[in-house]
Amino acid sequence: ERTGDEKYAETLHMMLLNIRNWRRNKYGGFWHMIWTDGQMWLDSLYMGGPIQALYAKKFNRPEFIKEAANQAIIMYEHMQNKDTKLLHHAWDSNIELPWADKQTGLSSEIWGRALGWYVVSVLDIMECMNPEWKEYKYLKEIEKEVLGAVYRYQSKKNNLWYQVVDKEDFPGNWPEASCSMLFVYAAAKGVRMGIIDKKYLDKALDGFQAVTDTFIKILGEELLITGVCVGTGINDYEGYVNRPTSVNDLHGMGAFLLMCAEIARIK
């Protein structure tokens, strides 16, 4: 859009064809990676969802945005914890891997950043949709339910979210920066779009203040984002809480910029 150069359009056409032809499990869900046979991971919705939605809007290809919505719906219908209403990090639709529950195929834990990418992706996809579509209306109900569940786990001690979201008081668990930023962004944006109740805005602003007070450091002219979990595969509880953090990890930098841009609209 900025350059008008067709070479970028050609690149997008090639990329989106690759997404359209991506391998799927028997339910129609995209594999997380080319070698993760039958597996869906929450984080991959952000990798393939919003870009499909933007492409559909730009090039008038509604089938792409409906596919993005469908991937979010498949995740919701197969990966949600029926008790907490949160979504598990991963699902093995083949129910073969050691980490997969023998009945559901789900991984054992609710990992913060993966869930953050999910609630962010749903809003980004909806932003490009016709509000009259049945898929939009279904995604709206999904987002209200899942984000409402997320905010029930915002810590009353520090207004942040923990690495394993629903186990704040378990040994070794710790507040994690990137998921906290994504949850703040999602609530602020959800209120702006009229998806969730305005009461969440105060909670999001409390989270924004907690994030900046806890994780953001200024060193001379440098802004440092701390407390960001490094890239992570599927783990048990101990595996998640023992993951290292890094400073200015790009997962955190991206989440920080998204959060600040959305909060700036409010301010």
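Overview of the structure. (Residues numbered from 1 in each chain as written. Predicted model: local features only at pLDDT ≥ 70, side-chain atom pairs only at ≥ 80, totals over all residues. Heavy atoms only, no water.)

Re the pattern of salt bridges
Inspection of every chain in the model, using the stated rule, returns 12 salt bridges. Between Glu176 and Arg113 there is a salt bridge whose closest N-O contact spans 3.8 Å. Taken together, the residues Glu176 in the loop between helix H5 (134–152) and helix H6 (177–192) and Arg113 in helix H4 (residues 112–126) connect sequence positions 63 residues apart. One exposure class covers both Glu176 and Arg113, and it is buried. The shortest N-O distance in the salt bridge between Arg192 and Glu262 comes to 2.6 Å. Note that Arg192 is positioned in helix H6 and Glu262 in helix H9 (residues 250–266), a separation of 70 residues in sequence. (Salt bridge = Lys/Arg side-chain N within 4 Å of Asp/Glu carboxyl O. Helix = DSSP H or I, 4+ residues; strand = E, 2+ residues; numbered from the N terminus. Buried < 20%, exposed > 50% of the residue type's maximum accessible area, 1.4 Å probe, protein only.)

Notes on the pairing of strand E4 (residues 222–225)
By the bridge criterion, 4 bridges tie strand E3 (residues 216–219) to E4 in an arrangement that is antiparallel. By the bridge assignment for E4, Leu219 is matched with Glu222. Connecting the antiparallel pair E3 and E4 is a turn made up of 2 residues, with Gly220 showing a positive phi of about 65°. (Pairing = 2+ DSSP bridges.)

Thoughts on the nonpolar core
Judged by nonpolar contacts, the single largest core of 83 residues is most densely connected at Leu115, Tyr118, Leu139, Tyr151, Met181, Phe183 and Met259. In terms of residue count, the dominant contributor to this core is H6 (11 residues). Contact partners of Leu115, with chain neighbours within four places excluded, come to Leu42, Leu86, Leu87, Ile110, Val146, Val150 and Phe183. (Core = buried A, V, L, I, M, F, W, Y, C linked by side-chain atoms within 4.5 Å. Contact = heavy atoms within 4.5 Å.)

Here we look at the packing of helix H3 (residues 62–79) against H5
The geometry of H3 relative to H5 is characterised by a closest axis approach of 10 Å and an angle of 40° between their N-to-C directions. The pairing of H3 with H5 is recorded here as oblique in orientation. Classified by chirality, the crossing of H5 by H3 is left-handed. Residue-level inspection shows Lys66, Ala69, Ala72, Ile73, Tyr76 and Glu77 of H3 in contact with H5, the latter providing Glu135, Tyr138, Leu139, Ile142, Glu145 and Val146. Considering only residue class, the contact of H3 with H5 consists of 8 nonpolar, no polar and 4 charged. (Axes fitted to C-alpha atoms, helices over the stretch in contact; angles between N-to-C directions. Parallel < 35°, antiparallel > 145°, perpendicular 65-115°, else oblique. Left-handed = near helix turned anticlockwise from the far one by under 90°. Nonpolar A, V, L, I, M, F, W, Y, C, P; charged D, E, K, R; others polar.)

Focus on H9
Look at H9: 25 Å from first C-alpha to last across 17 residues, which is about the 24 Å you get at 1.5 Å a residue. Considered for burial, the residues of H9 that qualify are Gly252, Ala255, Phe256, Met259, Glu262 and Ile263. Each buried residue of H9 lies within a common arc of 140° when the element is viewed along its axis, so the set occupies one face. Turned more than 90 degrees off the buried face of H9, the exposed positions are Leu250, Leu257, Ala264 and Arg265. Summarising the contacts, the buried residues of H9 are in contact with H6, helix H7 (199–215), E3, E4 and strand E5 (228–229). (Expected span 1.5 Å × (residues − 1). Arc of directions from axis to C-beta.)

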